[in-house]
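Next come the chains, spelled out residue by residue.
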Amino acid sequence: MHIVSKLPQVGTTIFTIMSQLAQQHHAINLGQGFPDFMMDEALIDLIQKAMTDGCNQYTHTNGLPALRNALAEKVKKLYNTSIHPETQITITPGGTYAIYTALTSFLYSGDEVIVFEPAYDSYVPNIVLNGAKPVFIALQYPDYSIPWHEVAQKINSKTKAIIINSPHNPTGAVLSEQDIMTLRTLVAKTNIMIVSDEVYEHLIFDAIPHQSLLRYPDLLERSFIIFSFGKTYHCTGWKLGYCIAAAPLMQEFRKVHQFNCFSCDTPKQYALATYLQEEDKYVQLGAQIQKKRDFFRTLMQQTGFVCIPSHGSYFECYSYAALSNKSDTEFAVELVQKAGVATIPVSAFYHHKTDEKVLRFCFAKKEETLLEAAERFKHL
Ligand code: PMP
Ligand code: GLN
């Protein structure tokens, strides 16, 4: 049997490739974005309690009501926006799934979607699977800011959506209030939708406020806003997230969701509904992870890598132009084999594999892991 591939250009994701390579070579894995430190055991205890209390059957298709209520309260506190938990929030098996579901709920063949590169690697295949066309705009190296004049030029009658991601993977760039003002003006008199990937909502540094689209009612009415519990609570393997959107948009999202996943892990939703009451756990997160970024940055100053400052996410990018002329993919493979450290070559996030000689490092690791990695880089 043979099927005509719907994704002929797609191979295995760079995250799987680099993690496998890291395993083969027993390397330190600063590639794929996951912490190597323990998540809060209090949250694990809450799941155990939910399971022994018998909360083990399907829950509501849109998510446990108590969890959606807790999220609506959190949104009110953080962004002063009232979200209706019954009609505007859906719990999903991770942020990646929510992005796919959002795009699938409104894209038609021939639609165009503006994507900024480097881009998280699921966006483009999700667009293509829906018969739509990605329209690429390169972020401006080295600060990875959005060239808004180019966005204005590329908007046309086929433009169905724009995907934004702040804090940004892979670069750690964050959108400013000015960026959001420009976006508002550009879409104001159009029917353009926005998918706003905010999975790193709380992983934001240097006292910069997160410009969630939840702050802007005119943008919220045209947006699907995506979050991930895995990122916020250092449990990426949980694959649990949520989407917030205006009620008419969410209605369509749920039509796709109910026949794809139907409902998500019940005990974890009970645990999170309780755990979300502890505001400190998410409010202090940025400062905690910033310490790791700063620690890693100081260590990297003693190597030949040059920092491209990150202001959010689990990642910081570094130029290795002073160390090698090799392509970023070749250099990343060499680093695993010779230095025993895995990273992610940033060209993997561009459709034309643009190579600025930059690697992405995940610093959401124990200090000892970061120390050992930096030690290995000294000998390059
Ligand atoms: N968007 C971005 C930018 C990410 O880095 C991730 C992390 N994998 C996701 C979405 C998806 O998160 P999840 O693991 O909850 O699917
Ligand atoms: N978000 C993580 C990263 O960028 C991993 C995502 C994945 O494994 N698909 O590294």
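See the structure above.
Numbering of residues starts from 1 in each chain and follows the order in which that chain's sequence is written. Each chain takes a letter, starting from A, and each ligand takes a number, starting from 1, following the order in which they are written. At least 70 in pLDDT is required for a residue's local features to be given in this predicted model, at least 80 for side-chain atom pairs to be given and counted, and no such filter applies to totals for whole chains, interfaces and linings, which use all residues. Note that the side-chain values use all heavy atoms of the structure and ignore hydrogens as well as water.

S.K.: Explain the layout of surface pockets to me, please; I cannot follow it from the model alone.
M.R.: The method is simple in principle: a probe with the dimensions of a water molecule rolls over the atoms, and the space it marks as empty is what remains. Computed from the structure, the largest pocket encloses a volume of approximately 1,300 Å³. In this analysis a 1.4 Å probe is tested at points of a 1 Å grid over the protein atoms alone, and where it fits but cannot get out there is a cavity; an open set with protein on both sides within 12 Å along at least five of seven lines is a pocket; lining residues have an atom within 4 Å of a point. Contributing to the lining of the largest pocket are 48 residues, with Thr13, Phe15, Tyr120, Asp121 and Ser122 lying nearest its centre. Grid points are joined across faces, edges and corners, and a volume is the space filled by probe spheres set on the points.

S.K.: Just checking my understanding: could you explain the environment of Asn191 for this structure?
M.R.: Of note, Asn191 is situated in the loop between helix H8 (177-187) and strand S6 (193-197). Burial classification: accessible surface area is computed with a 1.4 Å probe over protein chains only, and a residue below 20% of its type maximum counts as buried, one above 50% as exposed, and the rest as partly exposed. For Asn191, a relative accessible area of 72% corresponds to the exposed category. Considered as a pair, Asn191 and Val113 are 78 residues apart in the sequence and their alpha carbons are 12 Å apart. Apart from the residues lying within four places of it in its own chain, the contact partners of Asn191 are Lys160 and Arg222. Per the convention used, a helix needs a DSSP run of H or I reaching at least four residues, while a strand needs a run of E reaching at least two, with both numbered from the N terminus. Here a residue-residue contact requires only that any non-hydrogen atoms of the pair lie within 4.5 Å.

S.K.: Is there a simple way to explain the site of ligand 1 in this structure?
M.R.: With respect to spatial proximity, 14 residues lie near ligand 1, and among them Gly95, Thr96, Asp197, Tyr200 and Lys239 are the closest. Side-chain polar atom of Tyr120 to a nitrogen atom of ligand 1: 3.0 Å apart, as the coordinates give it. Between ligand 1 and Tyr200 there is a distance of 2.6 Å, counted from an oxygen atom to a side-chain nitrogen or oxygen. Look at ligand 1: alone it shows 390 Å² of surface, and the protein chains cover 93% of it. At a threshold of 2 Å from the grid points, most atoms of ligand 1 map onto the largest pocket. In terms of residues, the shell around ligand 1 owes the most to one element, helix H5 (residues 95-106), which gives three residues. Classifying every residue of the shell around ligand 1 by side-chain character gives five nonpolar, six polar and three charged. What makes a residue near a molecule or strand is one non-hydrogen atom of that residue sitting within 4 Å of it. A 3.5 Å cut-off defines polar contacts: any pair of N or O atoms within that distance qualifies, except that in protein one atom must be a possible hydrogen donor and the other a possible acceptor, and neighbouring residues in sequence count only when both atoms are side-chain atoms. Values of accessible area rely on a 1.4 Å probe in the Shrake-Rupley scheme; residue burial ignores everything except the protein chains shown. Just a note on the criterion: a molecule sits in a pocket or cavity if more than half of its atoms are within 2 Å of the grid points. Residue type decides the class: Asp, Glu, Lys and Arg count as charged, Ala, Val, Leu, Ile, Met, Phe, Trp, Tyr, Cys and Pro as nonpolar, and the leftover types, Gly among them, as polar.

S.K.: Help me out: how do you make sense of the sheet that holds strand S9 (residues 306-308) in this one?
M.R.: Note: strands within a sheet are paired through backbone hydrogen bonds, in either parallel or antiparallel orientation. Spatially, four strands are ordered S9-S10-S13-S12 in an open sheet, and the strand pairing comes out antiparallel. Strands at the two margins of the open sheet, each flanked by one partner only, are S9 and strand S12 (344-345). Pairing analysis gives five bridges linking strand S10 (residues 315-319) to strand S13 (residues 358-362), with the strands arranged antiparallel. Across the sheet, residue Phe315 finds its bridge partner in S13, namely Cys362. When DSSP finds two or more bridges between a pair of strands, those strands are recorded as paired.

S.K.: Hey, could you run me through the pattern of salt bridges in this one?
M.R.: Where charged atoms from two side chains of opposite charge come close, those side chains can pair. In the sections that follow, a salt bridge refers to a side-chain nitrogen of Lys or Arg positioned within 4 Å of a carboxyl oxygen of Asp or Glu. The full count for this structure, using the stated rule, is 17 salt bridges. Two residues, Asp40 and Lys281, come together in a salt bridge whose shortest N-O distance is 3.1 Å. In this pair, Asp40 sits in the loop between strand S1 (28-29) and helix H2 (41-52) while Lys281 sits in helix H13 (residues 279-283), placing the two residues 241 residues apart along the sequence. In this structure Asp40 comes out as partly exposed when scored by relative accessible area, which is 27%.

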